[in-house]
Amino acid sequence: MPRPALLLLALLWPWACSNSDPADSDGPGEAPPSSGGTPTYGYRIVNVFPHDPRAFTQGLVYHGGYLYESTGGGVQLTSRPSVPSSLRQVEIESGRVLREHTLEPRFFGEGLALLEGRLYQLTWTSRVGFVYALDDFAEVGGFGYATEGWGLTHDGAALIMSDGSADLSWRDRATFAEIGRVEVRHEGEPVHRLNELEWVDGEVWANILNSDRVARIDPESGAVTGWVDLSGLLTTGERRAADVLNGIAFDAAGDRLFVTGKLWPWMFEIEIEAAAPRRAPSGP
């Protein structure tokens, strides 16, 4: 569907005001390091789909033709009424929420991973996570951890978690006990504020909070092997009503990559390519 037509559709959705993630409460995050000799990639937009602009996206997963999304809420984000944290099944083409599980107001939903028919959802500061059955979102378990919860993915065997630091921790999927850890570095310097995570063709991809960059990380060494510059996805006007980039989902069978952000009106299917000269986004 052409983007102008999608824009008319999105105008039917309630728009949310710009705000900050509670995890941003200490102020803007540090800028990601300069690329140096590390490759930087750009993107080509393949498709644009509606995305609920009320969804404070914290985790994103593709499976079986649908997106599964973890949203943050349940605390006062701005002067507007807060939207509760949730786990959602989303129809990609329309952005329609097909199924939703709402968390108790005391929990702020964060990273999300799907492994062996189970959805694992982190919470921000509560230090607990939840396990759900994929088919009906029934809660079938839970787990604890000693840090904040930010992003979550898996390598096919173990879960991989970020906590806002420069570390990634590997977690046993049955007990969530830590079974490995690596510090993410770029040219010898730690890369902090690793946020939403995705496993893409043997690499960990991580949103860097408060930036338009995604780090491509070697899971063995923790070295950043490349940067993906996703600036310019939203127009200037759209950015004023949205928050930061946060959300990566990979369809391995179809080789499709989806990205979005907190309170974004669009979900983008993109292809990664050599970076083109940077241009300012258009729009009102």
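Here is what the cut-offs are and how they apply
Residues numbered from 1 in each chain as written. Predicted model: local features only at pLDDT ≥ 70, side-chain atom pairs only at ≥ 80, totals over all residues. Heavy atoms only, no water. Helix = DSSP H or I, 4+ residues; strand = E, 2+ residues; numbered from the N terminus. Buried < 20%, exposed > 50% of the residue type's maximum accessible area, 1.4 Å probe, protein only. Contact = heavy atoms within 4.5 Å. Areas by Shrake-Rupley, 256 points an atom, 1.4 Å probe, with all protein chains shown as cover. Salt bridge = Lys/Arg side-chain N within 4 Å of Asp/Glu carboxyl O. Pairing = 2+ DSSP bridges. Axes fitted to C-alpha atoms, helices over the stretch in contact; angles between N-to-C directions. 1 Å grid on protein atoms, 1.4 Å probe; cavity = no way out; pocket = protein on both sides within 12 Å on 5 of 7 lines; lining within 4 Å. Points joined across faces, edges and corners; volume = space filled by probe spheres on them.

Caption draft 1: Here's a closer look at the overall build of the protein. Check the secondary structure of the protein and you find 2 helices and 22 strands. Burial analysis of the protein (284 residues in total) assigns 54% to the buried set. Contacts in the protein between residues at least 24 apart in sequence constitute 56% of all its contacts with a sequence separation of at least 6. As displayed, the protein has an accessible area near 11800 Å², and 52% of this comes from carbon and sulfur atoms.

Caption draft 2: Focus on the pattern of salt bridges. Overall, the coordinates contain 14 salt bridges when judged by the stated rule. Notably, a salt bridge pairs glutamate 271 with arginine 44, separated by 2.9 Å at the nearest N-O pair. Here glutamate 271 is found in strand E22 (residues 266–274), whereas its partner arginine 44 is found in strand E1 (residues 40–50), with 227 residues between them in sequence. Residue classification places glutamate 271 among the partly exposed positions, given a relative accessible area of 39%. Each of Asp52, Arg54, Arg88 and Glu100 takes part in salt bridges that share partners, so that together they form one network.

Caption draft 3: How the structure looks around the sheet that holds strand E8 (residues 128–133). Strand order across the open sheet formed by 4 strands is E6-E7-E8-E9, with antiparallel pairing between neighbours. Edge strands, defined here as strands with exactly one partner in the open sheet, are strand E6 (109–115) and strand E9 (139–144). With direction set aside, neighbouring strand axes in the sheet form an average angle of 20°. Bridge count for E8 against E9 is 5 bridges, and the pairing is antiparallel. For phenylalanine 130, the partnering residue across the bridge sits in E9 and is glycine 142.

Caption draft 4: The environment of leucine 234, seen in detail. Its location among the elements puts leucine 234 in the loop between strand E19 (224–229) and helix H2 (236–240). Classification of leucine 234 by relative accessible area gives buried; the value is 1%. Along the backbone, leucine 234 and threonine 260 are 26 residues apart, and their C-alpha atoms lie at a distance of 9.8 Å.

Caption draft 5: Quick look at the environment of leucine 257. Its location among the elements puts leucine 257 in strand E21 (residues 256–261). By relative accessible area, which is 6% here, leucine 257 ends up buried. Separated by 57 residues in sequence, leucine 257 and valine 200 place their C-alpha atoms 8.9 Å apart. With residues near it in sequence (within four places) discarded, leucine 257 still touches Val200, Trp205, Ile248, Ala249, Phe250, Phe268, Glu269, Ile270 and Ile272.

Caption draft 6: Just the sheet that holds strand E4 (residues 86–91), in detail. Across the sheet, which stays open at both edges, the 4 strands sit in the order E2-E3-E4-E5 with antiparallel pairing between neighbours. If you trace the sheet from one side to the other, it starts and ends with strand E2 (57–63) and strand E5 (97–102), each paired once. Mean inter-strand twist for the sheet, computed between neighbouring axes without regard to direction, equals 15°. Of the strand pairs in this sheet, strand E3 (residues 66–71) and E4 are connected by 6 bridges, and their pairing is antiparallel. Counterpart to threonine 71 in the pairing with E4 is serine 86.

Caption draft 7: Geometry of unusual backbone geometry. The phi angle at glutamate 116 is positive, at roughly 50°, despite the residue not being glycine. Positionally, glutamate 116 belongs in the loop between E6 and strand E7 (118–123).

Caption draft 8: Seen up close, empty space enclosed by the protein. Inspection of every chain in the model, using the stated rule, returns 1 cavity of 30 Å³ or more. Taken as a whole, the largest cavity spans an internal volume of roughly 40 Å³. Considering the residues around the largest cavity, the lining is formed by Pro50, His51, Asp52, Ala55, Glu69, Arg88, Val90, Gly95 and Val97.

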